[in-house]
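Take a look at the letters that make up each chain.
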Amino acid sequence: MPTLPSIPFSFTSKAGEHLEWRSIVSVNQSGEFHCTFPDELVDVAQTELRALHKQDRRNPLKLDQPRTQWQVQGPNLEQCKAFLRQVAEAYLRTETTTERIIMYHIDPSVSYFRLGDGAIRPNAAHLTDEELRAGSWQGEEKHSTFGTDHYRLGLFARVLDRVTEQRGEHLAVRYVLPRLPEASWGAQLNSWTHLRAPTFRPYDQPWPQVPYTECAAEFFYRMLLRLCELADQLSTFFGDPEVVAAALANAEMPMLPPI
């Protein structure tokens, strides 16, 4: 496929962000031009091309990555160049907003049947049809033929900054850990160790989230604290089999205190 002279592209946003590259241009036997562009423009290029196709379904432009470099392909070189200029300008036309949120998630790796009055049963055996209709299965381990070796209750809660970047029609969302005052409840919530902040691609469905407030951060901090207190009590009590056996043999020996 014959190669034509490369085309320089250079752009600078109002904020001073600079973007430049040399586009390698070639044309195939059917007269279709191929113009390369940098990888960082791919998401914006795909979004801009979808918008063009919505306006005109006969638009001949397309994107491809036949080897290592992305290309815009079309029967008209000037149209390809105009599209790359449009993509570059959209990429540099960035609007960024930051919102502080608390993201949370529970992972109830348990299975139980909850009756209509709220009472819990370990399974649905021996329940009447009326009780079955009024109640429901709860937890994540619901299938009778699949189970877990332990019942677990997982809880995630983190203060994060939700950063939204819009480049033209392309929208990207990312989550970052913020710097928080040491005395704040937010800093205390984020101080629980080995609780990693998840990462999400722009169009993934994130976990539930609420706006950040000190009251909300304190609430989730205390929820994690209660979970750790329960784990500590269970680990301490069940850590010595002789203590467990003695407790169960003595009807008057107090069991685990309530959380």
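Residues numbered from 1 in each chain as written. Predicted model: local features only at pLDDT ≥ 70, side-chain atom pairs only at ≥ 80, totals over all residues. Heavy atoms only, no water.

J.: Account for the environment of Q188, with residues named and values stated.
T.: Within the secondary structure layout, Q188 lies in helix α4 (residues 185–189). By relative accessible area, Q188 is classed as partly exposed at 26%. When the C-alpha atoms of Q188 and V159 are compared, they prove to be 9.9 Å apart, with 29 residues separating the residues in sequence. Apart from residues lying up to four places away in sequence, Q188 is in contact with A183 and Y221. (Helix = DSSP H or I, 4+ residues; strand = E, 2+ residues; numbered from the N terminus. Buried < 20%, exposed > 50% of the residue type's maximum accessible area, 1.4 Å probe, protein only. Contact = heavy atoms within 4.5 Å.)

J.: A description of the side chain of Q138 should follow, citing residues and the corresponding values.
T.: Residue position: Q138 is located in strand β9 (residues 136–139). Given the relative accessible area of 18%, Q138 is considered buried. Within the structure, Q138 has its side chain in polar contact with the side chain of S136 (distance 2.7 Å). Filtering out sequence-adjacent residues up to four positions away, Q138 remains in contact with V110, S111, Y112 and R114. (Polar contact = N/O pair within 3.5 Å; in protein donor to acceptor, adjacent residues only side chain to side chain.)

J.: If you had to explain unusual backbone geometry to someone new, which residues and values would you point to?
T.: Despite not being glycine, H126 has its phi angle at roughly 65°, a positive value. Following the sequence through the fold, H126 ends up in the loop between β8 (120–121) and α3 (129–134). A positive phi angle, near 60°, is found at H194, a position not held by glycine. Note that H194 resides in the loop between α4 and β12 (209–211). Classification of H194 by relative accessible area gives exposed; the value is 81%.

J.: Account for the sheet that holds strand β4 (residues 62–64), with residues named and values stated.
T.: The five strands lie next to each other as β1-β2-β3-β5-β4, forming an open sheet whose pairing is antiparallel. Both edges of this open sheet fall to β1 (3–12) and β4, since each of them pairs with a single strand only. The mean angle between the axes of side-by-side strands here comes to 25°, regardless of whether they run parallel or antiparallel. Pairing of strand β3 (residues 33–37) with strand β5 (residues 70–74) involves five bridges; the strand directions are antiparallel. Its bridge partner lying in β5, H34 is registered against Q73. Contacts between helix α1 (residues 42–55) and the sheet are confined to β3, β4 and β5, with β4 contributing the most and set at about 155° to the helix. Where helix α2 (residues 77–92) meets the sheet, its contacts fall on β1, β2 (18–27), β3, β4 and β5, and the angle it forms with β1 comes to roughly 25°. (Pairing = 2+ DSSP bridges. Axes fitted to C-alpha atoms, helices over the stretch in contact; angles between N-to-C directions.)

The analysis is restricted to geometry; functional conclusions fall outside its scope.
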